[in-house]
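Listed here are the chains, written in short residue letters.
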Amino acid sequence: MLDHWRARVGWIHPRVNSDIEVYDFYKAAPEDVVLVVTHLEVVDSAKREEVEASLKLLERAVERLHFSKVDSIMKNGAPVHLHHGVEGHRNILARLRAASKVPISTSSQALADAFHELGARKILVISSWRSESGHLSTNLINYFKSENIEVSAVEGIGAQLQSFEKIQMTPATIYSNVVTAARKHPEVDAIYVQSGTMATVGLLERMEQVTGKPIVSSNSANIWGSFKPLGIRVGNGYGKLLGRL
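Residues numbered from 1 in each chain as written. Predicted model: local features only at pLDDT ≥ 70, side-chain atom pairs only at ≥ 80, totals over all residues. Heavy atoms only, no water.

Asker: Describe the pattern of salt bridges, listing the residues and the values that go with them.
Answerer: Applying the stated criterion across every chain, the model contains seven salt bridges. Measuring nitrogen to oxygen at the nearest pair gives 2.8 Å for the salt bridge that ties Glu 87 to Arg 90. Remark: Arg 90 and Glu 87 occur in helix H5 (residues 85-99); sequence separation between them is three residues, near one turn of the helix. Residue class for Glu 87 comes out partly exposed when judged on its relative accessible area of 44%. Its relative accessible area of 47% is what places Arg 90 among the partly exposed residues. Between Lys 184 and Glu 155 there is a salt bridge, and its shortest N-O distance comes to 3.5 Å. Here Lys 184, found in helix H9 (residues 171-184), pairs with Glu 155, found in strand E6 (residues 150-156); they are 29 residues apart in sequence, far enough to count as distant. Taken together, the salt bridges that share partners define one network made up of Arg 15, Asp 19 and Glu 21. (Salt bridge = Lys/Arg side-chain N within 4 Å of Asp/Glu carboxyl O. Helix = DSSP H or I, 4+ residues; strand = E, 2+ residues; numbered from the N terminus. Buried < 20%, exposed > 50% of the residue type's maximum accessible area, 1.4 Å probe, protein only.)

Written out as structure tokens, the structure reads:
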């Protein structure tokens, strides 16, 4: 029986609901670590007005997590914090750090830090963004470039689905798509599976064994970036990145 909680991890989630992200978190988290989620206002990340509205809520979200006594904070959702590109991300990260009393980062910063940790310079991005969200892919590629990471190729997965539809994508479908895409690009150092709305954490180890490449998903990067400053270990079974904690 637990007699104390080791840590409370705060996530600022862009969408109005949380589901798969929470599922993946508790796949890997030790039993004495709790996830606390607060939300912004994004229903459809392709709608700029929703993203702009959410950008105004960042400090309020940090304050809400402070009420819950969290030990670290991760701002998830590249469509929000990369909305205004690389410089916009710097400004948002500065805003978050000025507002926070605990270690805080964004999912994009955690992702770049994760690939640096793995020594990966050339990556394959498996993206779920729709065609009308092309600016998001451009912003992500430019952000990686600013971090000395080259996106060698982009492959689509569920590319015509909205977030509330992607949550229904099964692990078997995700596994098949990632392995097929990886075989097309043997030249890359690592693979990024984009979207926290896809259940990936339980698949990472098997996909790495088949592809021979380190694979980082949105959720594994967020877990890694949340746990690392707190010294929380995950152990084996959830991919090379989380195994390094």
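Further notes follow.
Asker: So what's going on with the sheet that holds E6? Which residues, and what values?
Answerer: Strand pairing in a sheet takes place through backbone hydrogen bonds and is either antiparallel or parallel in direction. Ordered in space as E6-E5-E7-E8, the four strands form an open sheet in which the pairing is parallel. The outermost strands of the open sheet, each flanked by one partner alone, are E6 and strand E8 (215-217). Across the sheet, the mean angle separating the axes of adjacent strands is 25° when strand polarity is ignored. Pairing of strand E5 (residues 122-127) with strand E7 (residues 190-193), which is carried by four bridges, proceeds in the parallel orientation. Paired with Leu 124 across the two strands is Ile 191, which belongs to E7. Across the face of the sheet, helix H10 (residues 204-211) comes into contact with E7 and E8 while running at roughly 145° to E8. (Pairing = 2+ DSSP bridges. Axes fitted to C-alpha atoms, helices over the stretch in contact; angles between N-to-C directions. Contact = heavy atoms within 4.5 Å.)

Asker: So, the packing of H9 against H10: which residues are in play, and what are the values?
Answerer: Relative orientation of the contacting elements H9 and H10 amounts to 25°, with a least axis distance of 10 Å. As summarised for this structure, H9 and H10 are arranged roughly parallel, according to the angle between their axes. When you trace H9 past H10, the crossing you get is right-handed. Side by side, H9 and H10 meet where Tyr 175, Val 178, Val 179, Ala 182 and Arg 183 of the first sit next to Arg 206, Met 207, Val 210 and Thr 211 of the second. Of the residues belonging to the contact of H9 with H10, the class tally is six nonpolar, one polar and two charged. (Parallel < 35°, antiparallel > 145°, perpendicular 65-115°, else oblique. Left-handed = near helix turned anticlockwise from the far one by under 90°. Nonpolar A, V, L, I, M, F, W, Y, C, P; charged D, E, K, R; others polar.)

Asker: Hey, could you go over the sheet that holds strand E4 (residues 104-106) for me, with residue numbers and the actual values?
Answerer: What the four strands build is an open sheet, ordered E2-E1-E3-E4; its pairing is parallel. At either margin of the open sheet sits one strand with a lone partner, and together these are strand E2 (33-42) and E4. With direction set aside, neighbouring strand axes in the sheet form an average angle of 20°. Pairing of strand E1 (residues 7-15) with E2 involves eight bridges; the strand directions are parallel. The residue bridging Ile 12 from the neighbouring strand is Thr 38, located in E2. Against the sheet, H5 contacts E1, strand E3 (72-75) and E4, and its axis sits at roughly 155° relative to E4.

Asker: Describe unusual backbone geometry, and please don't skip the residues or the numbers.
Answerer: We note that Lys 69 has phi near 60°; this positive angle belongs to a residue other than glycine. With respect to the helices, strands and loops of the structure, Lys 69 is situated in the loop between helix H3 (58-67) and E3. The residue Asn 148 is not glycine, and still its phi comes out positive at about 60°.

Asker: Which residues make up the environment of Leu 55, and what values go with them?
Answerer: Inspection of the secondary structure puts Leu 55 in helix H2 (residues 48-55). Leu 55 has contacts with Val 80, His 83, His 84, Ile 92 and Arg 95, leaving out every residue within four places of it along the chain.

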